[in-house]
Amino acid sequence: MPGRPRTTHRRPGSLRRRLIPALVLALVPVAATGWLGLRVRDVRDELTAVAALARRLPPQLQSGDIAAARHTADALRARTRAAADAVRDPAWHAAAVTSRSLAAVRETTLGLETLARDAVPPLLETLGAGLDPDALARAAPRLAAADRAVQGVVHRLERVTPDGLAPPVARPLADLKAKLRLLATATRAAAGLPGLLGADRPRTYLVLFQNPAEMRATGGMPGAYAILGADRGQIRLLGQGTATGGLGAFPAPVLPVDDGVRQLYGEDTASHAANINLAPDFPGAAAVAREMYRRRTGTTVDGVLATDPVALAYLLAATGPVAVPGGATLTADNAVQLLLSDVYQRMPDQSRQDAFFAGAARAVFEAVLAHPGPPERLLRALALAVHEKRMLAWSADPAEQRRIAGTPLEGALPADDAGAPTAGVFLDEGGASKLGYYLSPSAGIVKDDCTSGSGGYSVRLTLASSAPASGLPSGVLSWPAVVPDPYTLRTLVSVAAPTGWTVGEATVDGARVPIVDGAVRGRMVALLTADIPPGGQRTVTVRLAAPRAGAPAPALVTTPLARPWTINPVSAGKCPPPR
């Protein structure tokens, strides 16, 4: 007889054994998402703190407060390590497989950890060592490791493309990449510093003192020069001379002249010491100066350095006043006026001027070596001079020069700036005067919004002269054979376009003027003339055309002058009213 259908009774324990594993499996994604959310919050908080700490470092370094910078660096290491631990979490790793933004944050965070751990401490150690080559030699292996670490992080993040990234990730990533490129050049230069200062073998340098009263693209006409020797902690002054007297002029270029430089500035750039730096290319000028010195003396130097009276004034702020043979005393407050103006009125004879310049250079050099003052003041002075491109360096050693390349010490526009466009504004004195002392310059970038899709900008600069109309010694004035009014400052203006851009028309006070165009380091350059009367000013505008619409506005690089530039923010051009 058929029985009743069998009823199955499940015990509570059996139900739990079957349901709990299923619930756990079902909740794994939810739990992972919740845990991941906590990790995202942790990373956000840590990186916010990292950003705040990173903003503290530059002013601490510029002020020479190495102790504070080291404290900040310790905090940076702790914060970046905590953030890196969060992105190493398995939940983050799994989510990053399908999320490009999470993957980008992970790569960025791990890169920041590497920088804080392997790059920042050696750089601070180098700054703390000052200019002591023995201490720098001890730091050399760590500096080399820091350089490798930075280059590795740059390479790592360059592989992270912006495609598909959320805007809150893409924007900071782009900003970080730009800053990393700057850091990469700094670590490259720092890694080469021990060698430049003679840590591994004796070095000899030709030091050019540029005179911005007679403007040149890299700062000023070479006047006095010195020969420095560096050997294992000993830096000595080996000799002195003048560029015009000791190097002088040659009947033919001492080195080949690039076609673009010849077209713009002539062959004098390689045959006359006064004109070697008409082009905005200190490496080229330095190589010519080295060859000129070799031909005159038979001595081949290892490199060429350059500085100017404004940088000397910064150093005097660290050393204190310095007595110069002849009764004058140089201070941070009077050095620029004394060296670029007063000396010409007090000493009309050029031989006395040359002797005074040589004595001033020797006195400041000996003061820096013997009584440098507090280290933080000297570091602040050096950092400011380098930042303003008032201290330049070139090495005949290709490996060392590669480390200098791209830093402010190089004194040249980068050969390729496609990622961050730069435009150069460089000034040369065209009337053989020393009226550049009275020049007050300002410049800015103007966006051309009038022509749809043009992708264009203009460089607009105002050049104002405070020179008097009478009373100056003849040695300061323009040659009457070149400039009818000798108190008028003839200025040769060179505007270098960003890589791949072109230059267009140029105007002076709204009137179109002819230009000479050529190329320097692969960039198109427009050269024009502006005559600035005493007490007057000229407004110069040069059009730049980008290769594509929507290109970012270029940053400006300018000639260091006796008086500081005023750099105006990017502005929109005035369009004509509609008809």
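Scroll up to find the structure this text is about.
Notes on the structure in this doc start here. Predicted model, so just to flag it, every value in this text is computed and none were measured.

Time to look at the packing of helix H10 (residues 309–319) against helix H11 (residues 335–346). Running from N to C, H10 and H11 point in directions that differ by 150°, and their axes come no closer than 8 Å. By the angle class used here, H10 and H11 are roughly antiparallel. Where H10 crosses over H11, the handedness of that crossing is right-handed. Where H10 abuts H11, its residues Pro309, Val310, Leu312, Ala313 and Leu316 lie against Ala335, Val336, Leu339 and Leu340. Counted by class, the contact of H10 with H11 contains nine nonpolar, no polar and no charged residues.

Among the nonpolar cores identified, the biggest contains 79 residues, and Leu315, Leu330, Phe356, Leu427 and Leu461 are the most heavily contacted of them. Among the elements that line this core, the one with the most residues is helix H12 (residues 350–370), at nine residues. When residues no more than four places from it in sequence are discounted, the contact partners of Leu330 are Leu316, Pro321, Val322, Val324, Ala335, Leu338, Leu339, Ala360 and Val364. Core analysis: the next-biggest nonpolar cluster, separate from the first, contains 37 residues, Leu206, Leu208, Ala306 and Val525 among them.

Read from one edge to the other, the open sheet built from five strands follows the order E14-E15-E11-E8-E17, with strand pairing classed as mixed. Unpaired on one side and paired on the other, strand E14 (516–520) and strand E17 (555–558) mark the two borders of the sheet. Strand after strand, the sheet turns through a mean of 30° between neighbouring axes, direction not considered. Bridge analysis of strand E8 (residues 422–429) against E17 gives four bridges, and the strand direction is parallel. Bridge pairing in E17 links Gly424 to Val557.

For strand E15 (residues 523–532), the buried fraction is high: seven of the ten residues fall into the buried class. Relative to E15, strand E11 (residues 489–496) runs antiparallel, the two being bridged by eight bridges. Bridged to Leu489 within E15 is Ile532. Judged from the five bridges that link them, E14 and E15 form a sheet pairing that is antiparallel. Directly across from Val516, in E15, lies its bridge partner Leu527. What sits between the antiparallel neighbours E14 and E15 is a turn of two residues, in which Arg521 has the positive phi angle 55°.

Definitions and cut-offs
- Residues numbered from 1 in each chain as written.
- Predicted model: local features only at pLDDT ≥ 70, side-chain atom pairs only at ≥ 80, totals over all residues.
- Heavy atoms only, no water.
- Axes fitted to C-alpha atoms, helices over the stretch in contact; angles between N-to-C directions.
- Helix = DSSP H or I, 4+ residues; strand = E, 2+ residues; numbered from the N terminus.
- Parallel < 35°, antiparallel > 145°, perpendicular 65-115°, else oblique.
- Left-handed = near helix turned anticlockwise from the far one by under 90°.
- Contact = heavy atoms within 4.5 Å.
- Nonpolar A, V, L, I, M, F, W, Y, C, P; charged D, E, K, R; others polar.
- Core = buried A, V, L, I, M, F, W, Y, C linked by side-chain atoms within 4.5 Å.
- Buried < 20%, exposed > 50% of the residue type's maximum accessible area, 1.4 Å probe, protein only.
- Pairing = 2+ DSSP bridges.

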